[in-house]
Every structure is written in C-alpha cells, then in structure tokens.
Amino acid sequence: MNDEPHVHTSTAGPLTPADFTAFMRSYQDMVYSTAARLTGNQAQAEDISQEVFLKAYERFDMLSVSPTAGGWLKTVATNLSLNHLQRYRNRWRFFSEFARDDGGEREDGPVEFPSLENFQDGIDQSEKRAWVERALAELPEHQRVPLVLFHFEEMSYEEIAKRLRISLAKLKTDVLRGRAALARELMKSAAPHEPFNA
Amino acid sequence: MTDEHFDDPREKALHAVLRGQPVLRAPASLEQRVRAEIARRAERPWWQRSFGEWPVMVRGAFLALSGCAACICIAGTLAVLNGPGAEMAAAFLREAGAWRLLVQSVVESGAQMLARVSPGWWWLAGGIVAASAAGLLGIGATAYRLLWRGR
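Thresholds applied
- What you see as residue numbers is a count from 1 along each chain, following the sequence as written.
- Whichever chain is written first becomes A and whichever ligand is written first becomes 1, with later ones labelled in order.
- Only residues with pLDDT of at least 70 are given local features in this predicted model, and only at 80 or more are side-chain atom pairs given and counted; all residues enter the totals for whole chains, interfaces and linings.
- Hydrogens and water are ignored here; the side-chain numbers use all heavy atoms of the structure.
- The secondary structure listing takes helices from DSSP runs of H or I that are at least 4 residues long and strands from runs of E that are at least 2 residues long, numbered from the N terminus.
- Only protein chains enter the accessibility calculation, which uses a 1.4 Å probe. A residue is then buried if its area is under 20% of the maximum for its type, exposed if over 50%, and partly exposed in between.
- The contact criterion used throughout is that any non-hydrogen atoms of two residues lie within 4.5 Å.
- For the accessible areas, the method is Shrake-Rupley and the probe is 1.4 Å, while residue cover comes only from the protein chains on display.
- Every angle, taken between N-to-C directions, lies between 0 and 180 degrees, and every axis is a line fitted to C-alpha atoms, over only the stretch in contact when it is a helix.
- Any residue that is not Ala, Val, Leu, Ile, Met, Phe, Trp, Tyr, Cys, Pro, Asp, Glu, Lys or Arg is counted as polar, Gly included; the first ten are nonpolar and the last four charged.
- Each reported salt bridge corresponds to a side-chain nitrogen of Lys or Arg within 4 Å of a carboxyl oxygen of Asp or Glu.
- Working rule for helices: expected span equals 1.5 Å times residues minus one.
- Throughout this description, a polar contact denotes any pair of N or O atoms lying within 3.5 Å of each other; where both atoms belong to protein, one of them has to be capable of donating a hydrogen while the other can accept it, and for residues adjacent in sequence the pair is counted only when both atoms sit in side chains.
- Any residue with relative accessible area above 30% and no salt bridge may belong to a patch, with like charges joined within 9 Å and the nonpolar Val, Leu, Ile, Met, Phe, Trp and Tyr side chains within 5 Å.
- The predictor reports its confidence for every residue as pLDDT, a score running from 0 up to 100.
- Put simply, two rings from Phe, Tyr or Trp (the six-membered ring, in Trp's case) pair if the centres are within 6.5 Å, and we call them stacked under 30 degrees between planes, edge-to-face over 60, tilted for the rest.
- Criterion for a charge above a ring: Arg CZ or Lys NZ at most 6 Å from the ring centre, at most 35 degrees from the ring normal.

## Observations concerning the overall build of chain A
- A tally of helices and strands in chain A yields eight helices and zero strands.
- Tracing chain A from N to C terminus, the helices and strands come up as α-α-α-α-α-α-α-α.
- Counting all 198 residues of chain A, 48% fall into the buried class.
- Residue pairs in contact within chain A that sit at least 24 positions apart in sequence constitute 72% of those at least 6 positions apart.
- In the structure as shown, chain A presents an accessible area of about 10100 Å², 51% of it carried by carbon and sulfur atoms.

What follows is the structure, encoded as structure tokens:
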C-alpha cells in the first residue's frame, strides 16, 4: 500500500479547488479503505471518508505542503471510525449482548485454525481479494477491528489494547479467534464453489 | 512489524494474505459529496459558522459586548446588595423565606398522604412500572434485531 502518493498542486499562487480535488483523488481510496475495513460497512465508510476530507479541507493550507498528509488522513480516518464504532457500541451494547455473534464459535471453546496453503490455488486473484474483504467484513466487530488495526494499520498489541480500552489478554484472544474465523471463511472459498461476485 | 510476531506459520500466511490486499476503491460519489458539502458550508452566512470563522470586526465587537454585559451584571448585583437597593433585597429574601415555608408545607402534606397508602397499592404500582420497563426493553430489542442488525 502506498500511503504517500504524490499530489499535484499548483506551484504558484493561492490554493485552488482543483488543488483540493487532486489532493482528494490521491488519498480517497486509502481513506475509504481504512474506514471500510474498520466499520465493515460501505455506507458508514463513505460518511466517515467525507468527514475526513472536510476536516482536511479546513487545514488544506497546511496539508497541501505537508509530507505527512497521508499519515494525518489515515490517523483521522482511523480515529473517526473507532469513535463511530464506540458510539454505536455504547448505544446498542445492552441489546447486542443478547445475541453476540462470534461467527458460530463459543468464546471458551477450542480454536480451529485451518491452514491457508490451498487458498492461493485455483482462484482468480481479484476473486480472492473480494473473498478476503467479504470475510473480513463479516467478522464480528470485536474481532475485525483488532485484526484490521494489527494487520493493516500496523499497530502493536499494546497500542490497540490501549486504544480500544480492553485488556491485552482479551485483545490477544479476540485476535486469535478473529484470525481463525477469517482463515475458516477463506478456506471455504478455496473449496469448489460458484464464482463470488462482490 | 516483523515475522517474529508470528510463531505459527498459519498466522504468518494469513498476515501475508491480508497485507497483499490492495486499497479499496472509493465510491465515485464520495468526491461529489465532499465538494457539495464544502459548497454548502461556504454559502452559510457568517453567524451560522463557528466563532473562529466570524469576521475579525464582528469577533472583536462580540467580545467587547460580552465584556460590557458581564460588567453591567456584576455592577448591578453589587449596587442592589450594597446601595439603596439593600432594603429591596432584604424584602425579596423575606419573600423567598415565605415561599420556602409554603413549599415545605406542601411536601409534608404530600408525604403524609403517601404514608396513608396501603402497601398493596405500592406493590401494584411497582409491578406496573416493572412491566412497562420490560415491555419497552422488549420493543427496543425487537426493533434492534429487525431494523438495525439486518442493515
């Protein structure tokens, strides 16, 4: 992933709307990916991406010349996504816990973690990528979010636990079960099947 | 992040699969939405924007007026309490004392009335409240499952 694409802005004179459009086009996929993978919801990801770029617009004078604009955008997208999930979780926590969806696996049960050695074989690359995204989006939030933060955002376990305000032990359990659930989903795709249309 | 994080080769393989994922393509509507929202915000009159975006003159005038209003309030209060309005303030406090006695008598009367209610009625009222709360909870949980979780 290239988080720091080159942004073409007009070199002389004040910044123009075209400059911001170019800026947005350079980063919108990265921002949207971050939000979509964290929330697991395309509509929410688009709302969050819009909010990220509106914040960027307010600071465009600074961001247009900053070499770390991509990092700033990614941080804001991550924070807004986590805040959104936190708000949602607080609102619905009570009801959600009536029927917690853990991908059909008991929290205290053994973890079945299949090998991915066959996953690469016999599947079209774009189809494989679509399967991965879909499997990731279908994980329960408490497994998906740590996985995304660890594997895509490259945060450490300690950082993730602190950010999500959960214990390190709980985080490691969620990550382990999330990986196992994801591997199971992916291996289903390795079995003979109808082509998946994202 | 290095491979030493993954003692299990299956975890390492999964990490490789995830890291190999390309960025997702943002919907075409995103750019249009952002531009439209920027235009909408730009068209708002200054008084509907945040204080930081108000014209400098207006911000200065607002701060000056706020300071004047605060000074008038403080000076007025001091004048009432220490100046010729002291008698008026004392009368007001006496009036307030009368109101306090009235409220106290109403509360005491209410407490006496409630004390006469038999325990059976209290149990019935408590049951109705509990049933209502449980009903609302059920409606909320059903609405969540039907309307929200399916989205």
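Okay, back to it.
## Points about unusual backbone geometry
Residue and element names in this part refer to chain A.
- Positive phi is not limited to glycine here, since Glu154 has a value of about 60°.
- Summarising the element assignment, Glu154 is placed in the loop between helix 6 (141-151) and helix 7 (157-164).
- Assessed through its relative accessible area of 45%, Glu154 is described here as partly exposed.
- Located in the positive-phi region is Arg165, a residue other than glycine, with phi close to 55°.
- Note on Arg165: relative accessible area 73%, which makes it exposed.

## Side note on the packing of helix 1 (residues 17-39) of chain A against helix 6 of chain A
Residue and element names in this part refer to chain A.
- At their nearest, the axes of helix 1 and helix 6 sit 8 Å apart, and the two run at 145° to each other. Counting all contacts with helix 1, which are made through Arg37, Leu38 and Thr39, the residues of helix 6 involved are Arg144, Val145, Val148 and Leu149.
- Looking at the contact of helix 1 with helix 6 residue by residue, the class counts come to four nonpolar, one polar and two charged.

## Observations concerning the pattern of salt bridges
- With the rule as written, the count across this model stands at 14 salt bridges over all chains.
- Ionic pairing is found between Glu58 of chain A and Arg59 of chain A, a salt bridge with its closest N-O pair at 3.6 Å.
- Take Glu58 of chain A: its relative accessible area is 54%, and that puts it in the exposed class.
- On the basis of relative accessible area, Arg59 of chain A is assigned to the partly exposed category, the value being 35%.
- A salt bridge links Glu154 of chain A to Arg19 of chain B; the nearest nitrogen and oxygen atoms lie 2.9 Å apart. Separated into two different chains, Glu154 of chain A in the loop between helix 6 and helix 7 and Arg19 of chain B in helix 1 (residues 9-19) make up a pair that spans both.
- The exposure class of Arg19 of chain B is partly exposed, given its relative accessible area of 29%.
- One continuous salt-bridge network, built from bridges that share partners, spans Glu58 and Arg59 of chain A together with Glu37, Arg40 and Arg41 of chain B.

## Quick notes on helix 2 (residues 42-58) of chain A
All names here are of chain A.
- The end-to-end C-alpha distance of helix 2 is 25 Å, a good match for the 24 Å that 17 residues give at a rise of 1.5 Å each.
- By the burial criterion, the buried members of helix 2 are Gln44, Ala45, Glu46, Ile48, Ser49, Gln50, Val52, Phe53, Leu54 and Ala56.
- For helix 2, the N-terminal cap is Asn41; the gap from its side-chain oxygen to the backbone nitrogen of Ala43 is 3.0 Å.

## Some words on a nonpolar patch on the surface
- A cluster of nonpolar residues, Leu114, Val117, Trp121, Trp122, Leu124 and Ile128 of chain B, forms a patch on the protein surface that exposes about 640 Å² of accessible area.
- With respect to the helices and strands, Trp121 of chain B occurs in helix 5 (residues 119-148).

## Considerations on the confidence of the model for chain A
Residues and elements named next belong to chain A.
- Confidence along chain A averages 80 in pLDDT terms, with 70% of residues attaining 70 or more.
- Model confidence for chain A, summarised as mean pLDDT per element, is weakest for helix 4 (residues 69-96) at 83 and strongest for helix 2 at 95.
- Within the model, pLDDT remains below 50 along residues 97-104, and this stretch shows 15 contacts once partners closer than five positions in the same chain are excluded.
- In the model, residues 193-198 has pLDDT below 50 throughout and makes nine contacts with residues more than four positions away in sequence or in other chains.

## Some words on the packing of aromatic side chains
All names here are of chain A.
- Across all of its chains, the model carries eleven aromatic pairs over all chains by this definition.
- A ring pair is formed by Phe20 and Phe23, whose centres lie 6.0 Å apart and whose planes are at 25°; its orientation type is stacked. Here Phe20 and its partner Phe23 are both found in helix 1, three residues apart, which amounts to about one turn of the helix.
- Judged by relative accessible area, which is 1%, Phe23 ranks as buried.
- Against the face of Trp131 rests Arg134, its NZ or CZ located 4.8 Å from the ring centre.

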